[in-house]
Amino acid sequence: MNETTFVPPHKIIGVAVIANDQGQILIDRRRQEGAMGGLWEFPGGKIETNETVEECIQREIKEELGIVVEVGEHIITIDHTYSHIRVTLKVHHCRLIQGVPQPIECDEVRWVSVDELESFAFPEANIQIIAALRKWGNGGGRVVE
Ligand SMILES: Nc1nc2c([nH]c(=O)n2[C@H]2C[C@H](O)[C@@H](COP(=O)(O)OP(=O)(O)OP(=O)(O)O)O2)c(=O)[nH]1
Ligand SMILES: [Mg+2]
């Protein structure tokens with residue numbers, strides 16, 4: 001019998017950690033249908049051809065939530081292989097510039113503190129993002145160690 005090895009497609013994802021003036025972070029719940037349905041995530045999506053990560057994040061955030069953000073400092077890049085897809089998550093700190101987040105392409109949006117993140121179900125790759133955020137403090141900036 002012929003066995004074939006499945007190599008999952010590799011996608012680069014722009015991911016936004018959007019903070020508000022209270023130091024809370026915006027998370028959204030992925031639609032029930034589709035990959036990783038019902039899990040919470042930081043908003044973002046796949047980088048298109050000839051797009052910078054900053055452009056990708058701004059576009060995705062406008063499409064998914066209807067808000068304008070300023071893309072700031074790079075927080076962390078995570079490489080993770082799921083059964084169906086390999087992702088490189090390029091995570092940036094962002095600031096809300098304009099608008100109120102709407103669940104346009106997701107089921108729900110919420111502002112939460114960094115401490116509250118642990119009570120939500122995220123995809124596996126997010127464990128490392130959340131650990132990095134704890135070092136940053138509650139969205140307010142880098143903690144001096
Ligand atoms: N946006 C986002 N994606 C994440 C996170 N953690 C994580 O493993 N992922 C994975 C899930 C998906 O496989 C991939 C993001 O792709 P996506 O399906 O949301 O892409 P997209 O917004 O461009 O949506 P689509 O047009 O392809 O439907 O990255 C996260 O915190 N935020
Ligand atoms: Mg998305």
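From a predicted model like this one, the values you see are computed outputs, not experimental measurements.

**Focus on the UniProt feature "binding site: 8-oxo-dGTP" (unreviewed entry) in the protein**
Next, step 1: Following the UniProt record, one finds the feature "binding site: 8-oxo-dGTP" (unreviewed entry) at Arg30, Glu41, Phe42, Pro43, Gly44 and Asn126. In sequence the annotated residues extend across 97 residues, while in space they remain close, none of their C-alpha pairs exceeding 13.8 Å.
Next, step 2: Its place among the elements puts Glu41 in strand S3 (residues 40–41).
Next, step 3: Assignment of secondary structure puts Pro43 in the loop between S3 and strand S4 (44–46).
Next, step 4: Judged by relative accessible area, Pro43 falls into the buried class, the value being 1%.
Next, step 5: Non-local contacts of Pro43, meaning those with residues more than four positions away in its chain, are made with Gly14, Val15, Ala16, Ile18, Leu26, Asp28, Ile61, Glu64 and Leu65.

**Details of the site of ligand 1**
Next, step 1: As a matter of local geometry, ligand 1 sits amid 18 residues, with Arg30, Phe42, Lys46, Tyr82 and Asn126 nearest to it.
Next, step 2: Taking Lys46, its side chain carries an N or O atom lying 2.4 Å from an oxygen atom of ligand 1.
Next, step 3: Within the side chain of Tyr82, one N or O atom sits 2.6 Å away from an oxygen atom of ligand 1.
Next, step 4: Protein chains bury 77% of the 630 Å² of accessible surface belonging to ligand 1 in isolation.
Next, step 5: When residues of the shell around ligand 1 are traced back to their parent elements, those giving at least two are S4, helix H1 (53–65) and strand S6 (86–98).
Next, step 6: With 3 residues, S4 is the largest single contributor of residues to the shell around ligand 1.
Next, step 7: Partitioning the shell around ligand 1 into residue classes produces 10 nonpolar, 3 polar and 5 charged.

**Focus on the UniProt feature "binding site: Mg(2+)" (unreviewed entry) in the protein**
Next, step 1: Here the UniProt-annotated "binding site: Mg(2+)" (unreviewed entry) positions come out as Gly44 and Glu64. Taken along the chain, the residues just named run across 21 residues; in space they keep tight, none of their C-alpha pairs more than 8.0 Å apart.
Next, step 2: Locating Gly44 in the fold gives a position in strand S4.
Next, step 3: Look at Gly44 and you get buried, because its relative accessible area is 12%.

**Considerations on unusual backbone geometry**
Next, step 1: Phi at Met36 takes a positive value of approximately 55 degrees, unusual for a residue other than glycine.
Next, step 2: On the secondary structure map, Met36 appears in the loop between strand S2 (25–29) and S3.
Next, step 3: Of note, the phi angle at Asn50 is positive, near 65 degrees, even though the residue is not glycine.
Next, step 4: By the secondary structure assignment, Asn50 is in the loop between S4 and H1.

**Thoughts on the coordination of the magnesium ion (ligand 2)**
Next, step 1: Here the magnesium ion (ligand 2) is held by Gly44 (O) and Glu64 (OE), and the distances to it run 2.3 Å. Of the two residues, Gly44 is situated in strand S4 and Glu64 in helix H1; the sequence distance between them amounts to 20 residues.
Next, step 2: Judged by its relative accessible area of 11%, Glu64 falls in the buried class.

**Looking at the nonpolar core**
Next, step 1: Membership of the largest hydrophobic core comes to 25 residues, with the highest contact counts inside it found for Ile27, Phe42, Leu89, Leu117, Phe122 and Leu133.
Next, step 2: When contributions to this core are tallied by element, the ones reaching two or more residues are strand S1 (10–19), S2, strand S5 (68–81), S6 and helix H2 (126–136).
Next, step 3: Among residues more than four places away in sequence, those in contact with Leu133 are Val17, Ile25, Phe42, Ile75, Val114 and Leu117.
Next, step 4: In this structure, Ala16, Leu26, Ile57 and Ile67 belong to the second largest nonpolar core, which totals 12 residues.

Procedures and definitions
- Residues numbered from 1 in each chain as written.
- Chains lettered and ligands numbered in written order.
- Predicted model: local features only at pLDDT ≥ 70, side-chain atom pairs only at ≥ 80, totals over all residues.
- Heavy atoms only, no water.
- UniProt positions renumbered as here; feature names shortened; annotations may be inferred.
- Helix = DSSP H or I, 4+ residues; strand = E, 2+ residues; numbered from the N terminus.
- Buried < 20%, exposed > 50% of the residue type's maximum accessible area, 1.4 Å probe, protein only.
- Contact = heavy atoms within 4.5 Å.
- Near = heavy atom within 4 Å.
- Polar contact = N/O pair within 3.5 Å; in protein donor to acceptor, adjacent residues only side chain to side chain.
- Areas by Shrake-Rupley, 256 points an atom, 1.4 Å probe, with all protein chains shown as cover.
- Nonpolar A, V, L, I, M, F, W, Y, C, P; charged D, E, K, R; others polar.
- Donors = N, O, S within 2.8 Å, 3.2 Å for Na, K, Ca; no water.
- Core = buried A, V, L, I, M, F, W, Y, C linked by side-chain atoms within 4.5 Å.

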